[in-house]
Amino acid sequence: MDNKTLSIVSYFTLIGWLVSFFVGKEKADDLLKYHLKQSFGLLVLTFSLGIIINIVSRIVPTLAGILSFLYLVLFVFWLIGVINAASAKQKPLPLIGAWADKAFTFLN
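Residues numbered from 1 in each chain as written. Predicted model: local features only at pLDDT ≥ 70, side-chain atom pairs only at ≥ 80, totals over all residues. Heavy atoms only, no water.

Colleague: Honestly, the overall build of the protein chain in this entry has me stumped. Any pointers?
Modeller: Scanning the protein chain for helices and strands turns up 6 helices and 0 strands. Secondary structure elements of the protein chain, listed N to C terminal, follow the sequence α-α-α-α-α-α. Dimensions of the protein chain along its principal axes, counting C-alpha atoms only, are 50 × 25 × 20 Å. Considering the protein chain as a whole, with its 108 residues, one finds that 33% of them fall into the buried category. As displayed, the protein chain has an accessible area near 6400 Å², and 72% of this comes from carbon and sulfur atoms. Computed over 9 positive and 5 negative side-chain charges, the separation of the two mean positions in the protein chain equals 9 Å. (Helix = DSSP H or I, 4+ residues; strand = E, 2+ residues; numbered from the N terminus. Buried < 20%, exposed > 50% of the residue type's maximum accessible area, 1.4 Å probe, protein only. Areas by Shrake-Rupley, 256 points an atom, 1.4 Å probe, with all protein chains shown as cover. Lys, Arg positive; Asp, Glu negative; His and termini not counted. Charge placed at Lys NZ, Arg CZ, Asp CG, Glu CD.)

Colleague: Would you explain the side chain of Asn 3 in this entry?
Modeller: By secondary structure assignment, the location of Asn 3 is in helix H1 (residues 3-9). A polar side-chain atom of Asn 3 sits 3.3 Å from a polar atom in the side chain of Asp 29. The contact partners of Asn 3, leaving out residues within four places of it in the chain, are Lys 27, Ala 28, Asp 29 and Leu 32. (Polar contact = N/O pair within 3.5 Å; in protein donor to acceptor, adjacent residues only side chain to side chain. Contact = heavy atoms within 4.5 Å.)

Colleague: Got a minute to help me understand the pattern of salt bridges in this structure?
Modeller: It is possible for side chains of opposite charge to pair when their charged atoms get near one another. Under the counting rule described, the total for this entry stands at 1 salt bridge. Here Lys 37 makes a salt bridge to Asp 101, at a shortest N to O gap of 3.1 Å. With Lys 37 in helix H3 (residues 30-59) and Asp 101 in helix H6 (residues 97-103), this residue pair connects regions lying 64 residues apart in the sequence. By relative accessible area, Asp 101 is classed as partly exposed at 30%. (Salt bridge = Lys/Arg side-chain N within 4 Å of Asp/Glu carboxyl O.)

Encoded structure:
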């Protein structure tokens with residue numbers, strides 16, 4: 001697979017991210033490294049949000065429904081990331097892109 005395809009695959013679950021990371025490890029270019037960081041940030045945020053919603057839903061069940069709306073926001077971020085990867089652009093995801101780029105420097 002080429003790096004553009006691996007960049008797209010990195011947004012599809014943790015398994016897709018791992019496939020992109022290990023398959024593209026030796027031939028990774030800036031595009032793949034960038035989207036690996038962005039998609040990993042999105043994975044971390046989604047996982048964290050799931051834990052937070054689970055805890056809140058046990059304490060205040062009515063707030064869980066309201067917080068679950070944030071999954072729609074994450075879906076939009078995911079869609080933006082896939083579109084950016086498909087068009088070979090290195091644009092950061094809204095709100096979390098700059099954080100992901102700085103936080104996951106081990107992917108350079």
